[in-house]
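# Survey of secondary and tertiary structure
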Number of protein chains: 2
Amino acid sequence: MQTWTITELAEEFGVTLRTIRFYEEHGLLNPERRGRQRIFHNSDRVRLALVLRGKRLGFPLDEIKRIVGMYDAEPGEVGQLRYLLDQISVRRDELEQRRKDIEETLAELDDLERRCHADLARLSSGLPDVGEDA
Amino acid sequence: MQTWTITELAEEFGVTLRTIRFYEEHGLLNPERRGRQRIFHNSDRVRLALVLRGKRLGFPLDEIKRIVGMYDAEPGEVGQLRYLLDQISVRRDELEQRRKDIEETLAELDDLERRCHADLARLSSGLPDVGEDA
DNA sequence: TCTTACGCTTACGTTAACGTAAGCCGAGTA
DNA sequence: TACTCGGCTTACGTTAACGTAAGCGTAAGA
């Protein structure tokens, strides 16, 4: 059962100590304490990875907290399970909207790139003004 | 050539007047002025749509500004074109990273959902503890 | 002419997500 | 024992992206 110090974790994930402490303060992480010192287990590393992925996706921290919280919810009773299923579908809708946005943007970038190449070709081949092909 | 007032645009896109003015103040929009009043043309609507899509993707406004700026850059000279192509590939990398993150998250949500359904089935069928199937 | 509606500017307030000191503690070491 | 190193807490500072209020301008209707 390996453990990590706060600096080790910070270096591994490329964040500052402040960030990790901040995440703990806001309930996103919950490391063990040996006296005052924080001890991070593998489960904490996984959580941090999840949080940072959420950040890359541009989610605010409180939403990330709810999402990550879903992963380690105890099986609980039927009402809880139904609620959780509901939350899952909400998140899924969000993510699928984002995927659509991303694909649209990527398509436009492709388009833009093509035009750039066309312009470059035009410029370097004697400037035939605005003709369609060569 | 239809035009829009600021309130019309705000209602259509579900944002406040303040937001639109803020975007103008920061160079994301650039509507015509008739006296003091803003007049929005279709190109402005398109820009606003692009900005809001960027927001949904979680990009900060200054990055959105650069991205949107790429779309209406004048063909310019070779150096500019090369720079633009470079920027395009940077953005594409970012977006593809995000897409990966999204797909990972979606996969985990699927997983979680399956477990929820399993738990529900177990609970409602006489509680056979932790058996694999029925 | 008075009011109402819509738009404008200026400016201070607010929240999120940390950054950045300042100062304290305990373990190892020269 | 005196340092230094790594970690800790407390707390004020900062930036982004607006919210919110105050007060003004002007055109259209009562």
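Everything quoted here is computed from the prediction, not taken from an experiment.

Another point: the relation of the copies chain A and chain B. Between chain A and chain B, which share one sequence, the superposing operator has a rotation angle of 180° and an axial displacement of 0.0 Å; the RMSD is 0.0 Å. Considering both components of the superposition, the chain copies are consistent with a two-fold axis. Across chain A, the rotation axis passes nearest the C-alpha of A:Gly58, at a separation of 2.1 Å. Of the interface residues in chain A, 100% have counterparts in chain B that sit at the interface too, so the contact is made through matching surfaces.

Time to look at the interface of chain A and chain B. Counting residues at the interface gives 30 residues for chain A and 30 residues for chain B. Of all the elements in the fold, those that place two or more residues in the side of chain A that touches chain B are helix H3 (42-56), helix H4 (61-71) and helix H5 (78-124) of chain A. Sorting elements by how many residues they give to the side of chain A that touches chain B places H5(A) first, with 22 residues. Along the lines of polarity and charge, the residues of the side of chain A that touches chain B split into 18 nonpolar, 3 polar and 9 charged.

Attention now goes to the protein's contact with DNA strand C. Taken together, 15 residues surround DNA strand C, and among them A:Pro60, A:Leu61, B:Thr5, B:Thr7 and B:Arg38 come closest. Secondary structure elements with two or more residues in the surface near DNA strand C: helix H2 (17-25) and H4 of chain A together with helix H1 (6-13) and strand S2 (37-39) of chain B. A total of 3 residues in the surface near DNA strand C trace back to one element, the largest contributor, which is H2(A). Here the residues of the surface near DNA strand C are counted per class, giving 4 nonpolar, 5 polar and 6 charged.

Conventions we followed
- Per chain, residue numbering runs from 1 following the sequence as it is written.
- Naming scheme: in the order in which they are written, chains are lettered from A and ligands are numbered from 1.
- At least 70 in pLDDT is required for a residue's local features to be given in this predicted model, at least 80 for side-chain atom pairs to be given and counted, and no such filter applies to totals for whole chains, interfaces and linings, which use all residues.
- The copies are overlaid by a least-squares fit using only the C-alpha atoms of residues whose pLDDT is at least 70 in both copies.
- Note on contacts: each residue gets a C-beta atom placed from the backbone, and two residues are in contact if those atoms are within 7 Å.
- Going along the chain from the N terminus, every DSSP run of H or I of four or more residues is numbered as a helix, and every run of E of two or more is numbered as a strand.
- Amino acids outside the nonpolar list (Ala, Val, Leu, Ile, Met, Phe, Trp, Tyr, Cys, Pro) and the charged list (Asp, Glu, Lys, Arg) are all regarded as polar, and Gly is one of them.
- We call a residue near a molecule or strand if the C-beta atom, set from the backbone, is within 6 Å of it.

Scope: geometric values only; no functional claims are made or implied.
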